Each structure stands twice: as C-alpha cells, then as structure tokens.
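Here are the chains, one letter per residue:
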Amino acid sequence: MATIVRRTLALVLMAIGLAVGIGGIILISLGGSAYYLPGGIAVAASGLGLWRGRPWAGWLYAAFLALTILWALWEVGLDGWQLTARIIGPAVFGLLFALPAMRRVIGNGGWGASGAALAGFLLVFGASLQSPMDVAASAAPKQRPTALAGNPGEWPVWGRDKAGTRFSPLEQITPANVSKLKPAWEYDTGYDPMSDAAPSPLQATPLMVDDRLFLCTQTNVVVALDPDTGKELWRYDPRVDPASGTAVRTCRGVAYYESAVAKVGEACARRIITGTFNAQLIALDSRTGAPCAGFGNGGIVDLKEGMGEVLPGFYYTSSAPTIVRGTVVLGGWVMDNVSADEPSGVIRGFDAENGKLRWAWDAGNPANSKGAPAGKWYTRSTPNSWAPMSGDEELGMVYVPTGNPAPDYFGGLRSPASEKFGSSVIALDAQTGALRWNFQTAHHDLWDYDVASQPTLFDFPGKSGPVPALAQPTKRGELFVLDRRTGKPLTKVTEKAVPQRGKAPEERLSPTQPFSTGMPSFAGDVLAEKDMWGITPIDQLYCRIWFRKLRYDGPATPPGLDEAIIYPSIGGGMNWGGVAYDPERRIMIVNSLYYASLVKLIPRAEADRQIAASAKAGTSHDIALAAAPLPMSGTPYGAKVRGFTSPLGTLCHAPPYGKISAIDMDTQKLLWDRPVGTTRDSGPLGLEVSLPIRMGMPGFGGSMMTRSGLIFFGAQKERTFRAFDTATGKVLWSDRMPASGNANPMTYVGPKTGRQFVVIAASGHVTSQSMPLGRTFRAYSLPEEK
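The following paragraphs examine the structure supplied in this document.

### A word on the sheet that holds strand β29 (residues 597–603)
Backbone hydrogen bonds hold the strands of a sheet together, and the pairing may be parallel or antiparallel. Spatially, the three strands line up as an open sheet ordered β26-β29-β30, and their pairing is antiparallel. Only two strands of the sheet have a single neighbouring strand rather than two, namely β26 (564–566) and β30 (637–643). Ignoring which end each strand starts from, the neighbouring axes of this sheet average 35° apart. Pairing analysis gives seven bridges linking β29 to β30, with the strands arranged antiparallel. Each residue of the ladder has a partner; that of Val-599, found in β30, is Val-641.

### Observations regarding the packing of helix α4 (residues 80–96) against helix α8 (residues 537–549)
Between α4 and α8, the shortest axis-to-axis distance is 8 Å and the interhelical angle comes to 145°. Where α4 abuts α8, its residues Ala-85, Arg-86, Gly-89 and Pro-90 lie against Pro-537, Gln-540 and Arg-544. A breakdown of the residues in the contact of α4 with α8 according to their chemical character gives three nonpolar, two polar and two charged.

### Thoughts on the pattern of salt bridges
In the structure shown here, the tally under the stated rule is 35 salt bridges. Note that Lys-304 is salt-bridged to Asp-302, the shortest N-O span being 3.4 Å. A relative accessible area of 33% places Lys-304 in the partly exposed class. Among the residues examined, Asp-302 registers a relative accessible area of 39% and is labelled partly exposed. One salt bridge connects Lys-530 with Asp-531, and the closest N-O pair in it is separated by 3.8 Å. You can call Asp-531 buried: its relative accessible area is 17%. Overlapping salt bridges, with partners in common, bring together Glu-75, Arg-86, Glu-529, Arg-544 and Arg-548 in one network.

### Some remarks on the side chain of Asn-220
Among the secondary structure elements, Asn-220 is positioned in the loop between β4 (212–216) and β5 (222–225). Of note is the side chain of Asn-220, whose polar atom sits 2.6 Å from the backbone nitrogen of Phe-277. In contact with Asn-220, other than residues within four places in its own chain, are Tyr-236, Pro-238, Val-240, Cys-251, Gly-275, Thr-276 and Phe-277.

### Topic: the pairing of strand β31 (residues 658–664)
Within β31, seven of the seven residues are buried, which leaves it mostly tucked inside the rest of the structure. Alternating residues of β31 divide into Gly-658, Ile-660, Ala-662 and Asp-664 and Lys-659, Ser-661 and Ile-663, and every residue in both groups is buried. Both strand β28 (residues 587–593) and β31 contribute to a ladder of seven bridges, which runs antiparallel. Each bridged residue has a counterpart across the sheet, and for Leu-593 the counterpart in β31 is Gly-658. Alignment of β31 against strand β32 (residues 669–675), held across six bridges, turns out to be antiparallel. Paired with Ser-661 across the bridge in β32 is Asp-673. What sits between the antiparallel neighbours β31 and β32 is a turn of four residues, in which Gln-668 has the positive phi angle 60°.

### Notes on α4
The first and last C-alpha atoms of α4 sit 23 Å apart over 17 residues, in line with the 24 Å expected at 1.5 Å per residue. The principal kink in α4, of about 40°, is found at Ile-87, preceding the proline Pro-90 by one to four residues. One side-chain oxygen at the N-terminal end of α4 lies 3.2 Å from the backbone nitrogen of Trp-81; it belongs to Asp-79.

### Details of a nonpolar patch on the surface
Together, Leu-18, Ile-22, Ile-26 and Leu-30 line one region of the surface with nonpolar side chains, adding up to about 330 Å² of accessible area. Here Ile-22 is to be found in helix α1 (residues 2–29).

### With respect to helix α2 (residues 36–52)
In this model α2 runs 24 Å from its N-terminal to its C-terminal C-alpha over 17 residues, within 8% of the 24 Å that 1.5 Å per residue would give. Inspection of α2 places Tyr-36, Gly-39, Gly-40, Ala-42, Val-43, Ser-46, Gly-47, Gly-49 and Leu-50 among the buried residues, and these make up the whole buried set. In the core, the buried residues of α2 are packed alongside α1, α3 (56–76), α5 (100–106) and α8. One or two positions beyond α2, positive phi appears at Gly-53, with a value near 75°.

### A word on the pairing of strand β34 (residues 710–713)
Burial of the side chains of β34 extends over both faces: Leu-710 and Phe-712 are buried on one face and Ile-711 and Phe-713 on the other. By the bridge criterion, four bridges tie strand β33 (residues 703–706) to β34 in an arrangement that is antiparallel. Across the sheet, Ser-703 pairs through a bridge with Phe-713, a residue of β34. Count of turn residues in the β33/β34 antiparallel hairpin: three residues, of which Gly-709 carries a positive phi of about 100°. Bridging between β34 and strand β35 (residues 720–725) involves four bridges; their strand directions are antiparallel.

### Some points on unusual backbone geometry
Note the cis peptide between Tyr-567 and Pro-568, where omega equals 0°. The residue after Pro-655, namely Pro-656, is reached through a cis peptide bond having omega 5°. The topology assignment puts Pro-656 in the loop between β30 and β31. The phi dihedral of Asp-211 falls on the positive side, at around 60°, and the residue is not glycine. Structurally, Asp-211 is set in the loop between β3 (207–209) and β4. Positive phi outside glycine occurs at Met-632, with the angle close to 45°. Relative to the helices and strands, Met-632 resides in the loop between α10 (621–627) and β30. The buried category is assigned to Met-632, whose relative accessible area is 0%.

Rules behind the numbers
- Residues numbered from 1 in each chain as written.
- Predicted model: local features only at pLDDT ≥ 70, side-chain atom pairs only at ≥ 80, totals over all residues.
- Heavy atoms only, no water.
- Pairing = 2+ DSSP bridges.
- Helix = DSSP H or I, 4+ residues; strand = E, 2+ residues; numbered from the N terminus.
- Axes fitted to C-alpha atoms, helices over the stretch in contact; angles between N-to-C directions.
- Contact = heavy atoms within 4.5 Å.
- Nonpolar A, V, L, I, M, F, W, Y, C, P; charged D, E, K, R; others polar.
- Salt bridge = Lys/Arg side-chain N within 4 Å of Asp/Glu carboxyl O.
- Buried < 20%, exposed > 50% of the residue type's maximum accessible area, 1.4 Å probe, protein only.
- Polar contact = N/O pair within 3.5 Å; in protein donor to acceptor, adjacent residues only side chain to side chain.
- Expected span 1.5 Å × (residues − 1).
- Bend = angle between axes of the 7 residues up to and from the residue.
- Patch = residues over 30% accessible without salt bridge, like charges linked within 9 Å, V, L, I, M, F, W, Y side chains within 5 Å.
- Areas by Shrake-Rupley, 256 points an atom, 1.4 Å probe, with all protein chains shown as cover.

See the structure below:
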C-alpha cells in the first residue's frame, strides 16, 4: 500500500512537471517568465526520483519550493493573493513528502520538502494578514451639519435627492448600534426568474414619500407598500413581457411628482411616473395606483412616437425618470451591437401634468427640438442615455450621461454629432431642452464605455467659496469633477496619448483620451504578465500564456482583427450604481470594479456565416449571440466579446475585483480604500466554496450614506449586505440575504412607528461573474424597544 501511495504521488508530480515544463517553453517563446520551464523540470525530476525511491527527491523538491518562494517574493512582494497562486499548490505536495510512505524510502528528504512547504504556508498566511490591498484610513474631515431640503425621513427621489447624493440625514442607526440591525420585513415580487429565457433582474431602489414605499418589479409592475410592515397597498401591472426581444430588461426605479394644478385630495394630485419595457411613459395616482386620465392617452404616453422602426426589445427606459421644473426628462436603453441602424438616442422632456412633449434634444438634428415632424423620425443611432440623470432646480438644468453610438466596437461610420456627444455628460435646459454644455469622458469610444453612472451634484471647495460642481464616475475608472454651470473641469484633466496599434483598416482612432489626474484613479494599474492569477500555478500559467498572446498596450487598446484586452472592462470601472456623497463630512464613496474583457473583430462574411450556423443549429437567439459574433450589421465587422477567465472559470488576473473607497473632497485624496466581498459564494467551475475569505468581489449597484456616519453596500458577488464606518471603512455589521444585493439601498423613517428602516433588493445578477437572480426586497431596522 505504501508503494502505491508513493508511486501515485510520483506519477502526479511527473505529470504536473511535464505540463508546467511544456507551458514554460511556450511562455518563454512568447517573451514571458523563464521560471516555469526549470520549475517544471524540477517537479518532474522529483517525481521520477520518488518513483525510484531516491533520497534526493525530497531535497530536490525542497530546493524547488525554496526557489519558488524567493521568485514569488521577487515578482509580487507580500501580496497575499498573488503569493497564494504561486506557493499554495506546490506547498500542498511538499507536505505529502512527510507521509510515512515517503519518508520510509527517501528519509530526511521528506522532512526537507515538508519544511519548505510549511515555510511557504506561513509566508502566505502572514502576507494575507498584512492585507496589502488596504489603504489605511487617514484623518477624515470634520462634520459640518447642513440643513437639507424636504422631509428628512423620506427618500423621495431615486438618488435620495435630485443631486444623486444617496445621503440621508437620519441618525437613528449609528456606528454604535448598527450591530443590532435585524430583518424587519420582506416583500416577494412574485416573479420567477427561472420562468423566462431572458430573465429580468430586480435592481430597483424604492422611494418612500407620501407615507408609502413605491417600487417597480422585474416585470414593470409598480407597487405601493406600507413602509412599516411591507404590506402591499396597491399594484399596477402594465402587462409587458420582460423577455420580449433579445436582451435582459430591468426597471431601476420610479419617479414621484406633486401636481401644481390638481388640489390635494383630487385624483393624481400626487403621482408616480414610470417607464416600461415596451417604451411607454405612465403616470399613476400615488394613493390608488390608477392611471392618471389627464396624462397622455389615459395615463400613457407612447415613447415610440417619432422613433421610426423599433423592433421588440430594441428601445425602452431602464432608469427612473428625472423631473426638473415640472418636466419629466428621460432617455432610453438601446439594443447594443445588433446593427448600425438603431433607434435614436433622443432625450425628451414631457410636461409632468399632462404628458405632452415639451422638447426633444436630438443630437443629430436640432430642428427636431419640438418633436419629429409627421412622417419623419429622430436621428437614428445617436448616443443614448440609459443611465440615471440628475437635476438642479435652481439652475434649471438636467445632467444627462450618454452612451457611445451604436455599435460599440466599430466607429468608422459614425456621424460628427455622434463623435461629439458620445460617452459624455451633457447639460440641458430642463424647460427648453437647449444644450448648455457637453463634456466628453471618452473620445471615439470603441470599448462600450457608456457613461453609466448618475452624475452627483455637490459644492466643491473653491478659492472664493463653494462652487456648484458635478462628479461624473465612468466605466473607464476616471472620476471627473466639473463646474456644473459650465462643464469646465474643477480638478486637473490631462489628455494623454493612448495606443494606436492594431486597429481595423477602416477604423479611425483618437490619439488621446482624457484622464482625471486631479482625482484618485479607479482604473487599476496597467496589466502585466505577473498580474495573471489562478487557483493553481497551472491555470495561472495558462493565463500568463494567454495574456502574452493577446494584444494589450494599456488603457484604450483598440479592438482589431486579433483578440485584444479591454481593461477596465466593458462593465467598468464604475457602473450604474454611481457614487455617494456626504455633504457634511465632504466625503465621496466610490465602489469600483476590476476585471478585463476581450474583444475581437470578425470580418463581415465570416461573422454572418457564424451567426447563420448558430441559428441553424437551433439555439435561441440569445445563446446564438453569445456563441457567435455580435452582428454589428451595416459595418464591415461583427465582434466577439468574452470574459478573460481561466479554464476553471476564475478571472485571469489577480484580485481584488471589487473595492469600496472614500475620497476627502476637500483635498481630493483617498481617505481609505478596501476590497469588499469574500469568496463565500464563489469558487472554481461555478462552485460555492463557502469560505468567507476576503478577496474583493465584482458586482453592480451602489452605496448609501447616513448622517450618523454609516455606509450601506451590498453590490458584490456574495449574498451579504454590509454596513461600514464612514470614517475608517471598517465593516461594522453584515447580514446574509437570499441573493446578492446588486442594487442601491435606501433608508427612511416609518411614518407609523418612527423607526428607521434600510431597504435593499436581494437581486442577484445575470452576468456570469455575479449571482443567481433574486426576487425580494428586504427591510432592516433596530429591534423595537419594549
């Protein structure tokens, strides 16, 4: 039996050594690290010696481990996760040399190998305790209490206020008592995500206003709840198909409006306004849920009017409408990468009283400012706005984040208007739709770097006093701070040269991109081979080889006919969750993503052939688009886009993949910076390892802050909702949820009980890097005093 154990280990070592050695030859041929070839030879030789019962086998393996430890320290320092990928796997085999079956044959060499392994384990453990991924907290600015408009116990707008600060003045739940927070009630939307081929995720942030909690579900159903109990008060179902078309749908929130015409107590004096998946704008009585008869046609406005051909699922409103000076302003989500002929990205303003069109901002045709003439339509394929907007009642402006023009990955056919206004933040006059200013965050965007985040409005410390400012997070990981009156940067923005190698022959590139050098960057470091990662040295080697084969010259590496890395990925950076801002401490909270995407352009004929083959095979359209190139019809190419992952399904570069950070906006410096999220609900091959080891996990959604000094956040690949100390970033409380909280939380005071509640959607997410979909909203509060 002892011989079988010894020779089994020997065979395993020889096989691993052979695989690593061959991979090492390939990596060297690509200009990569020379470690793996001699490392593979040493492991294979140790296995051969063990098979033959030679005492030197253990000492050779011990030497291999010692040199591996030295190499790992030289390459990545005391980065715990990076050391794990390089040391833990070999160290496990080193410990096996101490088994009696081994020592009986190879003697003290077994102790040598296991001793080296133990040293490796201790090094990794010590490096992990050091947590080099953390940036320690520095002194937080002193709090200056500020009078905030409105009822402090309400959450009347998607971002708490029209400025999108996500800051509540409530103080009932504090750093001292948040550890006592418990679930108070839960609301099940009733939608089964497994019932749809293209399921709709639950990403809504409820409103609490007029003594009711208002939300939209995965199927555009609008619901009013009792804020204290979660009991349903009314429900309005527009009866739309969430799986219509070819892409996932989502409703992130609704808007609330108090009529300036109707008297209190009359029908629709207070109303809920929402958009739907079939491109309708609907106004409902907030007390009953009945459609407002005087709004549009029986409470409904058709948003397809003036749009020309709109195929099912190609255009809808995903974010809550923004209401400024009585104007309901909204854009729309447009299907990505199917065609160069997509619905218009027009921004429209409707009268909140009657639903009549007040104005339209058509980037490609200013003559359409009062709507497209009969028989005509708004300019096709212009930059759209699917992200949440912000508004300034005093300045009368609405701030519009725009996407890049369709399609995402080829821009050789774009119009001058699309080039000017794509991937920008735009200020429009809320009453006329006139353009006030435009700031572009990515020139000639070829990376799907839509401006996905809501602009956050705040007062910036100027030399002569506070300056009305706007912070615009981006998928690029750049955070721009602008004067919201003029669009001029308030912190330094530098145009830097970006890669030009590898573009398609018909493409043109911008020679530079804007970088927000006056603010902390959340783009991550430029990737290098040493940043590649894996659960074991073998899948890490696989990722290193793959990295060397890919084209990557740093940020803004252009798509081309060979596969290229997009980093930050097409998801960010920062996405639709936005940032949160405490106006009293002048602290901004940023949650950011760190993972890469891969893109390759496929010539038209080959792209069409692959798409047709997928369709002929009988796969659904969604699966066909995932397996075959994105069509991008009307351009010379299709595009193949995928994640940069190992054969085990883990991301190919090192953690962290998600972080939460605090910026002192008085100094524009980081206060603290922490990875957020553990491996508890993740693992190789999609398995859940149930180990709560902090790694920093990806996710979509945002944070919320309170005057008491708390941050609530749940947007990571983990079924955990957390509260952090604003001053230090320390986790003060957490709770397990039915699904991950890939949504924005909110808080309010119950009108009957006077208790403060915190609510978040237990949402999950549809991407492979996130979680199974959920269907509930959960409310938390402190235990009732008896």
